[in-house]
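An overview of the molecular structure
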Amino acid sequence: MLEVTGLRVAYGGIQAVRSITFHVNEGEMVALIGANGAGKTSTLKAIARVLDAAGGDVHFCGEKITRIAPHDVIRQGIALVPEGRGVFPRLTVAENLAMGAFVRNDAVDIEKDLKMVFGYFPRLKEREAQLAGTLSGGEQQMLAIGRALMSRPRMLLLDEPSMGLAPIMVQKIFEVIRAVAAQGMTILLIEQNAKLALETSQRGYVMESGEITLHGAAGDLLNDPKVRAAYLGE
Amino acid sequence: MDIFLQQIINGLVQGSIYALVALGYTMVYGIMGLINFAHGEVVMIGTLVAISVAGTLIKAGVPVALAGVNGLAAAVLVCMALGWGLERIAYRPLRNAPRLTPLITAIGMSIVLQNVAMIVWGRNYLTFPHLLPKVNFEFAGAHFTAIQVMIVGVSGLTMAGLVFLVYRTRLGMAMRATAQNPQVASLMGVNSNRVISAAFVIGSALGALAGVMVGTYYEIAHYQMGFMLGLKAFTAAVLGGIGNLAGAMAGGILLGIIEALGAGYIGDLTGGFFGSHYQDIFAFIVLIVVLMFKPSGLFGEKTGDRA
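It should be emphasised that the depicted structure is a prediction, and the values quoted were computed from it without experimental measurement.

Along the backbone of chain B there are eleven helices and four strands. Taken against the 2.2 N^0.38 rule, which gives 19 Å for 307 residues, the C-alpha radius of gyration of chain B at 19 Å falls within 12% of a compact globule. Referenced to the eigenvectors of the C-alpha coordinate spread, the extents of chain B come out at roughly 60 × 50 × 35 Å. Among the 307 residues that make up chain B, the fraction classed as buried is 51%. Taking the intrachain contacts of chain B between residues at least 6 apart in sequence as the baseline, contacts between residues at least 24 apart amount to 78%. As presented, chain B carries roughly 13700 Å² of accessible surface, and 69% of it is formed by carbon and sulfur atoms.

This is the structure in structure tokens:
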């Protein structure tokens, strides 16, 4: 479904991503793990067109999306939940969710998806009229995921959904991510918490200094001595 | 006491005009962090276009009211196009330039527009046609005219319409989202270029309306009139907290009232040494005081070091 070939991302002269190639199949959850600064977020940003790729290509459902306008990515069916959540702080929870459905005009189905999001995250329903800036970090992450789902995407890109959250909140968020995946959603997940990411995904890629150094089934990576030593603290 | 009430009324009228112009500054600043110093000139062009169109129609025998409506419509349309064009030609190419660059460009555009207006309309003062009959009202010893009532009323309705647009429509939500986080708004499918254009176009339409009101009120116009008006409206926007809609409205009205009261009492307070023609100093005292003690303004949420 998503094909990334030879993707490069550079900031000025510095290569953050050096020609990486990977893919995500339809209905699959794939983890991209690696240390801080390995180039994971840059990869996601280049796919979502927040950053320009310095080279290489991104295809989605057979269509080349490497150079489309940033605001058209979501129209292709790709929704990014950005690092640090990126909720609109002075918009209410309800308005943030409405922004997720900005590109849609099927009011009836939007209402259905809103019910679905509130089903996943009852807390958001309780705080519907509150400004998003007043929510806790975990609630903001719920909102960011809920907002992405409101676009009824074909694929979700999740950038560090566990970052800065209490363990109990991480549990809750990942329960929902698993539930969404179980509905058949295609997901590309970036995580520093490699164990959690690999336990949740079917396949994984390991990134180091801008390159993919290892890939395979998530279970195999979990048992790989190199991965265990580098990312699982063993 | 009746001087006090009289000056409050005068200040409210002048303040409504400042508020409309201030909204143009604040909308653009809120979305892209740019102070569009050419906005005062957009207002001036609005006034002059209205003079030309309404004046020509009146000479051709068209009823005054109809000529006035046409003059206003022409001013609004020309200014909307002007605001859109300014952004496209002058500011969009500089979107990723250092912040000082578009600011200097804005001052440059202001000079260009003044000179274009001077070439088109000449260097002399122009008289604005009488669009409304001179009807006077009296309330508790204070006098006011139909024109003043119209200015306050139309400004109030227009501002209510703007609040509706920004807080109750899809475009308004996209504008607020873009102001808060342009990158994420773009991820949601918002075309930031369109939102920025909309801010310029709407701000310019409000400016045109203000320009026509100024013309109707003072019955005089000049190619340099946009400078002082723009500077005062900018002061009003800063007073309210630039980037904040409610702030621009409150700041405009407050500044109008401060100025009117200042002009009303300066003679008494200085024993006649300064007359009411010194009223312009009050706006700038306000600007200096706000920048020194509360640079985020009355409603401002945060202060940055943005130019």
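Text resumes after the structure shown.
As a further point, take the sheet that holds strand E10 (residues 211–217) of chain A. Residue and element names in this part refer to chain A. Reading across the sheet, the six strands line up as E6-E7-E8-E3-E9-E10 and stay open at both edges, with mixed pairing between neighbours. Both edges of this open sheet fall to strand E6 (78–81) and E10, since each of them pairs with a single strand only. On average, each strand axis in the sheet is tilted by 15° relative to the strand beside it, whichever way the strands run. Where strand E9 (residues 203–208) lies against E10, six bridges are found, and the strand directions are antiparallel. Bridge pairing in E10 links Met-207 to Ile-212. Helix H1 (residues 40–47) contacts strand E3 (29–34), E6, strand E7 (155–159), strand E8 (186–191) and E9 of the sheet and is inclined by roughly 145° relative to E8.

The next point concerns helix H7 (residues 167–182) of chain A. Residues and elements named next belong to chain A. Taking 1.5 Å of rise per residue, 16 residues should cover 22 Å, and H7 covers 22 Å from first to last C-alpha, within 8% of that figure. Those residues of H7 lying buried are Met-169, Val-170, Ile-173, Phe-174, Val-176, Ile-177, Val-180 and Ala-181. The arc that holds the buried residues of H7, viewed along the axis, is 155°, so those residues lie on one side. Exposed and oriented more than 90 degrees from the buried face of H7 are Pro-167, Ile-168, Glu-175 and Ala-182. Buried-residue contacts for H7 involve E3, helix H4 (107–120), helix H6 (137–149), E7, E8 and helix H8 (194–200).

Moving on to the side chain of A:Thr43. Residue and element names in this part refer to chain A. For Thr-43, the position within the fold is in helix H1. By relative accessible area, which is 0% here, Thr-43 ends up buried. Those residues within four positions of Thr-43 in sequence are excluded, and the remaining contacts are Leu-7, Val-17, Ile-20, Phe-22, Leu-32 and Met-207.

In this complex, chain B contributes 19 residues to the contact, which on the side of chain A involves 21 residues. Both sides together, the interface formed by chain B and chain A hides about 1900 Å², and carbon and sulfur atoms give 63% of it. Where chain B packs against chain A, one counts one salt bridge. Among the salt bridges present, the one from A:Glu95 reaches B:Arg176, with a minimum N-O distance of 2.9 Å. Secondary-structure elements contributing two or more residues to the side of chain B that touches chain A are helix H6 (170–180) and helix H7 (182–187) of chain B. Here the side of chain B that touches chain A takes six residues from H6(B), the largest share from any one element. Across the side of chain B that touches chain A, the residue classes break down as nine nonpolar, six polar and four charged.

To continue, consider the packing of aromatic side chains. Residue and element names in this part refer to chain B. The tally for this structure, following the rule as stated, stands at eight aromatic pairs over all chains. Here the aromatic rings of Phe-37 and Phe-234 are separated by 5.3 Å at their centres, their planes lie at 65°, and the arrangement is edge-to-face. One end of the pair, Phe-37, is in the loop between helix H1 (2–32) and helix H2 (39–59); the other, Phe-234, is in helix H9 (residues 225–240), and 197 residues separate them in sequence. Overall, Phe-234 belongs to the buried group, its relative accessible area being 12%. Each member of the aromatic cluster is reached from another via a ring pair, and the members are Tyr-25, Phe-37 and Phe-234.

Moving on, we come to the sheet that holds strand E5 (residues 63–64) of chain A. All names here are of chain A. Ordered by their spatial adjacency, four strands build an open sheet running E2-E1-E4-E5, and the pairing between neighbours is antiparallel. The sheet is open, and its two edges are formed by strand E2 (14–24) and E5, each paired on a single side. Contacts from H1 reach strand E1 (2–11), E2 and strand E4 (55–60) within the one sheet, and its direction differs from that of E1 by about 115°.

Time to look at the nonpolar core. If you look at soluble globular proteins, the nonpolar side chains tend to sit buried side by side. Judged by nonpolar contacts, the single largest core of 123 residues is most densely connected at A:Leu2, A:Phe22, A:Met99, A:Leu157, A:Leu188 and B:Tyr91. Other than its neighbours up to four places away in sequence, B:Tyr91 contacts B:Leu34, B:Asn36, B:Ala38, B:Leu86, B:Pro102, B:Thr105, B:Ala106, B:Met109 and B:Phe200. Among the nonpolar cores identified, the runner-up in size contains 50 residues, and A:Val117, A:Leu158, A:Leu214 and A:Ala218 belong to it.

Residues and elements named next belong to chain B. Direction vectors running N to C along helix H10 (residues 245–269) and helix H11 (residues 280–293) enclose 130°, while the axes themselves pass 8 Å from each other. Here H10 is positioned oblique relative to H11, judged by the angle of their axes. Two packed elements cross with a definite hand, and for H10 against H11 that hand is right-handed. Across the interface between the two elements, Leu-255, Ile-258, Glu-259, Gly-262, Ala-263 and Ile-266 of H10 pack against Ile-281, Phe-282, Ala-283 and Val-286 of H11.

Before going further, it helps to examine unusual backbone geometry. In this model, A:Glu160 sits at a positive phi of 50°, which is unusual for a non-glycine residue. Positive phi values are uncommon outside glycine, yet B:Ala140 reaches one of about 50°. In this structure, B:Ala140 sits in the loop between strand E2 (136–139) and strand E3 (142–145). By relative accessible area, which is 61% here, B:Ala140 ends up exposed.

Cut-offs and rules
Residues numbered from 1 in each chain as written. Chains lettered and ligands numbered in written order. Predicted model: local features only at pLDDT ≥ 70, side-chain atom pairs only at ≥ 80, totals over all residues. Heavy atoms only, no water. Helix = DSSP H or I, 4+ residues; strand = E, 2+ residues; numbered from the N terminus. Rg over C-alpha atoms; globule rule 2.2 N^0.38 Å. Buried < 20%, exposed > 50% of the residue type's maximum accessible area, 1.4 Å probe, protein only. Contact = heavy atoms within 4.5 Å. Areas by Shrake-Rupley, 256 points an atom, 1.4 Å probe, with all protein chains shown as cover. Pairing = 2+ DSSP bridges. Axes fitted to C-alpha atoms, helices over the stretch in contact; angles between N-to-C directions. Expected span 1.5 Å × (residues − 1). Arc of directions from axis to C-beta. Buried area = accessible area lost by both parts, 1.4 Å probe. Salt bridge = Lys/Arg side-chain N within 4 Å of Asp/Glu carboxyl O. Nonpolar A, V, L, I, M, F, W, Y, C, P; charged D, E, K, R; others polar. Phe/Tyr/Trp six-rings, centres within 6.5 Å; stacked < 30°, edge-to-face > 60°. Core = buried A, V, L, I, M, F, W, Y, C linked by side-chain atoms within 4.5 Å. Parallel < 35°, antiparallel > 145°, perpendicular 65-115°, else oblique. Left-handed = near helix turned anticlockwise from the far one by under 90°.

Function-wise, these values are silent; they only describe arrangement.
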